[in-house]
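# A closer look at the structure
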2 protein chains.
Amino acid sequence: MTQDAGSAEKRRSIMVNAYDGAAATGLGAADRELIARRERVLGRPYRLFYREPVHAVRAAGAHLFDASGADFLDAYNNVPAVGHSNPRVQAAVAAQLGTLNTHTRYLTDGVIDYAERLTALFPAPLSQAVFACTGSEAVDLALRIARRVTGGEGIIITRNAYHGTTSAAAAISPSLGPGNEIPETVALVDAPDSVRGPGGDAAGAAFAQQVEAAIADFAARGIPFAGMIVDSVLSSDGLRLAPLGFLARAAEVVRAAGGLYIADEVQPGFGRTGSWWGFERHGLLPDLAVLGKPMGNGIPISAVIGSPELFDRFGAEVRYFNTFGGNPVSVAAANAVLDEIEERGLLAHAERAGERLASGLREIASSAGDGRVAEVRGAGLFLGVEYVDAAGAPDPAAALAVVTGLRERRILVSASGTFENVLKIRPPLVFDDADTERFLDGFAAVSADLGG
Amino acid sequence: MTQDAGSAEKRRSIMVNAYDGAAATGLGAADRELIARRERVLGRPYRLFYREPVHAVRAAGAHLFDASGADFLDAYNNVPAVGHSNPRVQAAVAAQLGTLNTHTRYLTDGVIDYAERLTALFPAPLSQAVFACTGSEAVDLALRIARRVTGGEGIIITRNAYHGTTSAAAAISPSLGPGNEIPETVALVDAPDSVRGPGGDAAGAAFAQQVEAAIADFAARGIPFAGMIVDSVLSSDGLRLAPLGFLARAAEVVRAAGGLYIADEVQPGFGRTGSWWGFERHGLLPDLAVLGKPMGNGIPISAVIGSPELFDRFGAEVRYFNTFGGNPVSVAAANAVLDEIEERGLLAHAERAGERLASGLREIASSAGDGRVAEVRGAGLFLGVEYVDAAGAPDPAAALAVVTGLRERRILVSASGTFENVLKIRPPLVFDDADTERFLDGFAAVSADLGG
């Protein structure tokens, strides 16, 4: 299981863990027929997960079920943060759909109440919200704002970043693979590598120096600087959580050069890390924060949070209207999500459950004693397990074997990172003790198989 | 009520019919306080309609209600096409939300069933669908596909087009006003003007000649050509419906030059014009069609429809994944919308109701005899009333006076067009005979006031 840049490029273009009809095994005739219909009508831009795709017909809590009633443990999906088929979200959406669903050019109460509740969860001066429907739209709007208010174009991102699928968001998403060109107005910096080092203060300094160098390079090429956007847990870079504060240091460099620092909270936001927002871990105050995925537990809603000063500068020249953005039904779902997170204490739960899961994973990796796991890292219920080969090089084949082995045990995860050698464990926040035990049992069995 | 380009520019930057706190009249203390809270938390990119905004708390069919129970006739909103608070959509969404809501990387039945049903409504070879959440996202994806498969950059649009709010969609939306820059890779052509002429074949020829000239100009400037995108009813250009076939002729020119023709069906699609798609009026076969607004009756869902050949070329190099795109809940809403359109015969209804409305409007305009209405035009339940002054110049003040006068009678419409002098009448498709009578009575009264 060795690794070179060429094969990593090739794998990235096809997506690790994608279904491949030519190599498919174990599928029944009905699923084969459904996949054939799917390929006819949805076409080639679509990908399915797994050599043997999961055919889901029902879900509840942290569990998906197939037509036979078999129960899949969901340790992957962050969108249904307050649980699949959450009854409170369902009731709120159904009630609102029978009452009023319109846009923000009429005066309605719900979007104002919710915006006040949401912005109260942010430090000053982040007190205003603009709503959209997807993380991609919110990222795209944050870029428009950054470019408009700075007059710049150049954006700094991390080397394997993912920020979305609009033209502008895809242009800052190198993790989409080599078919997705990154323009010269985008500069890449390497995330700190907690396995290979350096660590601690040197890692923070090295990251800040790369940001400084990127800004200097923009200047040398005559590209005015607009800012930097980073996922606060660097998910697609392989979940890069340390050293604490390295993002705050980078943000200082960005601001000193007149740029905006944008925190992409689409993955870490809404309690995933045990705090409301991932940037809190770094003692960081972003200029803009971008929210999405779990915000409506699957009902499309997203937002950009910022200061009145920034939104005034943007809004004085440009109006922003998103037909479905901040509609009463999406807002009702989002409000129910906040109710669930608060009343069920899901921030504290994410922290506790994440610690329990991390220590269990470390114990299993350590007792395997085969050195395949270089590190188990996590923040709340977002955990990564990094696989390496005997020479210490990234081992994506091992990670894929674990993803596949867990799927055979009906446990859902995926892999991430530049070399896709980092197991990505990111369950609904309602993942309970029994779910944790089942996950650890499965992981232990798969780890044993891997060693054999 | 005269008009010059400078004042049109200024008005476009602030949006016709926007609420202006300094000029507000007739608002109660509670609404003033709600607007103050709104301005604090939603900020300046947001705009409210009307000098006296509509505060909606409930809606049903083609009617919105305020807190006092007052009934507003909705002749403006195309999103709730099958009616505000439609019970079938509500039931479908509630049932699906309690069953399963996940993404397209697991195998699920609903999105495949719906994609088959939807693409069957298109002519061959448009047999595949890619789902997103908003019209903006779908437009943005169509642009990515056009640029990727042609290798081009240059896009032709109409002079006052609106296609959306992402960076790439806003760049082809000059109707957003002068604060929204249009890049040099975008070329503008003038829509046929059925009031000022030329009409008939000369109008089609003039439009095609502009497209040819734009392509030649791209070539002269070294900008490779990617294609053309047009709203099939040219809503924001003031609803430009004639001569029939002018868009087909333009599409031929585009294809001869190697570009793609994209039909923006976000406004005309799903029966608005009395046919499923607006491009059908022109005998046109687009390369890509973009769907949105009424597709889920307010639950966010959108799509790009195209041929396997195009999606293959795009998808071979680029994967497209939209977290909420094609999720089971949005698909359940969209499926219920098709049920409603088909079972209630809303295509035929749109045609009949539109004709009745158009003939009523023409009669009122004609008996007013003041020459203010240059033309009443329409396709199904999308109608425009164009206002001119005594010299025949566009008269946006007259249109705004009608919008405001109708709002005072609790009837909701808006204005569009380069000079915002065209009344935009675009009610939910369930607009019934009583709604039509009420609308015509209100229009007659406001027209009489205007004449006085």
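It should be emphasised that the depicted structure is a prediction, and the values quoted were computed from it without experimental measurement. Numbering of residues starts from 1 in every chain and runs along the sequence as written. Just so you know, chain letters begin at A and ligand numbers begin at 1, following the order they were written in. Local features in a predicted model are, by the rule used here, given only for residues with pLDDT of at least 70; side-chain atom pairs are given and counted only at 80 or more, and totals for whole chains, interfaces and linings are based on all residues. Only hydrogens and water are set aside; all other atoms, that is, all heavy atoms of the structure, feed into the side-chain values.

Residues and elements named next belong to chain B. The 4 strands lie next to each other as β11-β12-β15-β14, forming an open sheet whose pairing is antiparallel. Looking at the sheet topology across the chains shown, the edges are occupied by β11 (373–379) and β14 (414–416). Along the sheet, successive strands turn relative to each other by an average axial angle of 30°, direction set aside. In this scheme, strands are said to pair when DSSP sees at least two bridges between them. Numbering of helices and strands starts at the N terminus; helices are DSSP runs of H or I of at least 4 residues and strands are runs of E of at least 2. Summarising the sheet, strand β12 (residues 382–387) and strand β15 (residues 422–425) pair through 4 bridges and their orientation is antiparallel. Its bridge partner lying in β15, G384 is registered against K424. To get an axis, fit a line to the C-alpha atoms, keeping to the stretch in contact for a helix; angles then go from 0 to 180 degrees between the N-to-C directions.

Our focus in this paragraph is the domain arrangement of chain A. Residue and element names in this part refer to chain A. Domain limits in this description derive from either an automatic procedure or a database domain assignment. For chain A, the assigned domains read domain 1 (5–82 + 346–451) and domain 2 (87–343). Contacts between residues were defined by any pair of non-hydrogen atoms, one from each residue, lying within 4.5 Å. At the interface, 36 residues of domain 1 touch 34 residues of domain 2. Here's the idea: put two parts together, see how much 1.4 Å probe accessible area each one loses, and the total over both is what we call buried area. Here domain 1 meets domain 2 over a buried area of about 2,700 Å², counting both sides, of which 56% is carbon and sulfur. Pairs of N or O atoms within 3.5 Å make up the polar contacts considered here, provided that, within protein, one atom can donate a hydrogen while the other can accept it, and that residues adjacent in sequence are counted only when both atoms are side-chain atoms. For the pair domain 1 and domain 2, the interface holds 16 residue pairs in polar contact (both at pLDDT 80 or more). Of all the secondary-structure elements, those providing two or more residues to the side of domain 1 that touches domain 2 are α1 (5–14), α11 (346–368), β11 (373–379) and β12 (382–387). Take the side of domain 1 that touches domain 2: its biggest share by element is 5 residues, from β11. Its residues assigned to classes, the side of domain 1 that touches domain 2 comprises 19 nonpolar, 10 polar and 7 charged. In this classification, the charged set is Asp, Glu, Lys and Arg, the nonpolar set is Ala, Val, Leu, Ile, Met, Phe, Trp, Tyr, Cys and Pro, and all remaining amino acids, among them Gly, are polar.

What follows covers unusual backbone geometry. Backbone torsion omega between A:G197 and A:P198 reads 0°, so that peptide bond is classified as cis. Of note, the bond from B:A242 into B:P243 is cis; its omega dihedral lies within 30 degrees of zero at 0°. Mapped onto the elements, B:P243 comes out in the loop between β7 (225–231) and α8 (246–256). The phi angle at B:L239 is positive, at roughly 65°, despite the residue not being glycine. In this fold, B:L239 is placed in the loop between β7 and α8.

Turning next to the interface of chain B and chain A. The figure often quoted for interface size is the accessible area lost as the parts come together. With 100 residues of chain B in contact, the opposing surface of chain A contributes 99 residues. Taken together, both faces of the contact between chain B and chain A bury some 8,900 Å²; the carbon and sulfur share is 56%. Looking only at chain B, the three residues that lose the most surface to chain A are B:Y106, B:L107 and B:R319, adding up to 10% of its buried area. Any carboxyl oxygen of Asp or Glu within 4 Å of a side-chain nitrogen of Lys or Arg constitutes a salt bridge here. Seen at the junction of chain B and chain A, the total is 6 salt bridges. The partner of A:R148 in a salt bridge is B:E181, and the shortest N-O contact between them spans 3.0 Å. At the boundary of chain B with chain A, the tally comes to 52 residue pairs in polar contact (both at pLDDT 80 or more).

Another aspect to go through is the environment of B:H282. All names here are of chain B. Position of H282 relative to the elements: it lies in the loop between β8 (260–264) and β9 (288–291). Accessibility here uses a 1.4 Å probe with only protein chains present; expressed as a share of the type maximum, an area under 20% marks a residue as buried, one over 50% as exposed, and anything in between as partly exposed. Judged by relative accessible area, H282 falls into the buried class, the value being 4%. On a C-alpha basis, the gap between H282 and F246 in space is 6.9 Å, while along the polypeptide they are 36 residues apart. Beyond its immediate stretch of four places on either side in the chain, H282 contacts S232, L241, P243, L244, G245, F246, L247 and A248.

In this approach a probe as big as a water molecule rolls over the atoms, and the regions it shows empty are the leftover space. Of the voids in this model, the largest pocket is the one considered here, and its volume is about 1,300 Å³. Residue lining of the largest pocket: 38 residues in total, with A:R147, A:S167, A:A168, B:S167 and B:A168 positioned closest to the centre. Elements supplying a minimum of two residues to the lining of the largest pocket: α5 (135–150) and α6 (167–170) of chain A together with α5 (135–150) and α6 (167–170) of chain B. Here the element with the most residues in the lining of the largest pocket is α5(A); it accounts for 4 residues. The residue inventory of the lining of the largest pocket, partitioned by class, reads 18 nonpolar, 10 polar and 10 charged. Only protein atoms enter the calculation, which uses a 1 Å grid: trapped sets of points that fit a 1.4 Å probe without letting it out are cavities, open sets showing protein on both sides within 12 Å along at least five of seven lines are pockets, and any residue with an atom within 4 Å of a point is a lining residue. Grid points are joined across faces, edges and corners, and a volume is the space filled by probe spheres set on the points.

Attention now goes to the environment of B:A399. Relative to the helices and strands, B:A399 is located in helix α12 (residues 396–408). Along the sequence, B:A399 and B:F311 sit 88 residues apart, while their C-alpha atoms lie 43 Å from each other.

Turning next to the pairing of strand β3 (residues 71–74) of chain A. All names here are of chain A. For strand β2 (residues 63–65) and β3, the ladder comprises 3 bridges, and the chain directions are antiparallel. The residue of β3 that forms the bridge with L64 is F72. Between β2 and β3, which follow one another and run antiparallel, lie 5 residues, and G69 among them has a positive phi close to 90°. As defined by bridge partners, β3 adjoins strand β13 (residues 411–412) across 2 bridges and the pair is classed as parallel.

With that settled, the discussion passes to the packing of helix α4 (residues 110–119) of chain A against helix α2 (residues 29–42) of chain B. Taken N-terminus to C-terminus, the directions of α4(A) and α2(B) make an angle of 45°; their axes are 9 Å apart at the nearest point. Considering the angle they form, α4(A) stands oblique to α2(B). Once α4(A) is placed against α2(B), the crossing between them reads as left-handed. Along its contact with α4(A), which presents A:V111, A:I112, A:D113, A:A115, A:E116 and A:T119, the element α2(B) presents B:L34, B:R37, B:R38, B:V41 and B:L42. The residue makeup of the contact of α4(A) with α2(B), split by class, is 6 nonpolar, 1 polar and 4 charged. For this classification, under 35 degrees means roughly parallel, over 145 means roughly antiparallel, 65 to 115 means roughly perpendicular, and everything else is oblique. By definition, turning the near helix anticlockwise from the far helix through less than a right angle yields a left-handed crossing, and turning it clockwise yields a right-handed one.

This paragraph deals with the nonpolar core. Grouped together as the largest cluster of nonpolar side chains are 290 residues, with contacts concentrated most on A:F131, A:F439, B:F131 and B:F439. The next biggest cluster of nonpolar side chains, apart from the first, holds 6 residues, and it includes A:V79, A:C133, A:F324 and B:F324. Throughout, nonpolar core names a set of buried Ala, Val, Leu, Ile, Met, Phe, Trp, Tyr and Cys residues whose side chains join them through atoms within 4.5 Å.

Turning to the relation of the copies chain B and chain A, a few remarks are in order. C-alpha atoms of residues with pLDDT of at least 70 in both copies form the basis for the least-squares superposition of the copies. The two copies are related by a screw operation: chain B maps onto chain A through 180° of rotation and 0.0 Å of translation along the axis, at an RMSD of 0.0 Å. Overall, the copies show the geometry of a two-fold rotation axis. When C-alpha positions in chain B are compared against the rotation axis, the closest is assigned to B:A94, at 2.7 Å. Here 99% of the contact residues of chain B are again contact residues in chain A; the copies associate through an equivalent surface.

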